[in-house]
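Below are the chains, spelled out letter by letter.
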Amino acid sequence: MMSLVSFVLASGFSLALIWILRASDPKLARVAKASRINLSSPVRTALAVCVFLPGAILLAIPQIGVFFSWFGALTVIGWLIALRPPKSGSYSTSDQR
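The notes below deal with the structure included here. (Residues numbered from 1 in each chain as written. Predicted model: local features only at pLDDT ≥ 70, side-chain atom pairs only at ≥ 80, totals over all residues. Heavy atoms only, no water.)

What to know about the environment of L58
Then, in step 1: Secondary-structure assignment places L58 in helix α4 (residues 53-60).
Then, in step 2: Overall, the relative accessible area of 4% leaves L58 in the buried class.
Then, in step 3: Separated by 51 residues in the primary sequence, L58 and F7 place their C-alpha atoms 8.9 Å from one another.
Then, in step 4: Not counting the four nearest positions on each side in its chain, L58 is found in contact with S6, A10, Q63, V66, F67 and W70. (Helix = DSSP H or I, 4+ residues; strand = E, 2+ residues; numbered from the N terminus. Buried < 20%, exposed > 50% of the residue type's maximum accessible area, 1.4 Å probe, protein only. Contact = heavy atoms within 4.5 Å.)

Here it is in structure tokens:
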């Protein structure tokens, strides 16, 4: 049961940080012509490093199985968030002419 709790907490923490990084991405906001969360570059770098903090904690407490599960979930979460299109309809074919 503790392994499941560790996995859910680690995955949820990483998911939240990845979502914040996506919401503050200046290139994505420029393409989508949408507003974004304004974060400085050092803050974005610190958030990107903190995404992997649960993995370090899971390795520090001998939870190697949970670590590999979290790492796999982190990969899937990252891909799913990256696949989500921006809010505005700026990807229409009429804009590419």
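From this point, things continue past the structure.
Here's the deal with the environment of F68
Then, in step 1: Note that F68 resides in helix α5 (residues 64-83).
Then, in step 2: Judged by its relative accessible area of 56%, F68 is exposed.
Then, in step 3: In this structure, the C-alpha to C-alpha distance between F68 and F7, residues 61 residues apart in sequence, is 9.7 Å.

Digging into the packing of aromatic side chains
Then, in step 1: Enumeration according to the criterion identifies four aromatic pairs in this entry.
Then, in step 2: Their ring planes at 65° and their centres at 5.4 Å tell us that F67 and F68 sit as a pair that is edge-to-face.
Then, in step 3: Overall, F67 belongs to the buried group, its relative accessible area being 15%.
Then, in step 4: Ring centres 5.8 Å apart and planes at 40° place the aromatic pair F67 and W70 in the tilted group. Taken together, the residues span about one helical turn, with F67 and W70 both in helix α5 at a distance of three residues. With respect to burial, F67 and W70 carry one shared label: buried.
Then, in step 5: Among the aromatic side chains, those forming a connected cluster through ring pairs are F67, F68, W70 and F71. (Phe/Tyr/Trp six-rings, centres within 6.5 Å; stacked < 30°, edge-to-face > 60°.)

Here we look at the packing of α4 against α5
Then, in step 1: The contact between α4 and α5 brings their axes to 8 Å, and the two run at 165°. Between α4 and α5, the angle falls in the class roughly antiparallel. In this structure, α4 meets α5 at a crossing whose hand is left-handed. In this structure, α4 contributes P54, G55, L58 and L59 to the contact, and α5 contributes I64, V66, F67 and W70.
Then, in step 2: Considering only residue class, the contact of α4 with α5 consists of seven nonpolar, one polar and no charged. (Axes fitted to C-alpha atoms, helices over the stretch in contact; angles between N-to-C directions. Parallel < 35°, antiparallel > 145°, perpendicular 65-115°, else oblique. Left-handed = near helix turned anticlockwise from the far one by under 90°. Nonpolar A, V, L, I, M, F, W, Y, C, P; charged D, E, K, R; others polar.)

Let's talk about the side chain of S11
Then, in step 1: Checked against the element boundaries, S11 lands in helix α1 (residues 2-23).
Then, in step 2: S11 gets classed as buried once you look at its relative accessible area, which sits at 9%.
Then, in step 3: Look past the residues within four positions of S11 in its chain and what remains in contact with it is W70, A73 and I77.

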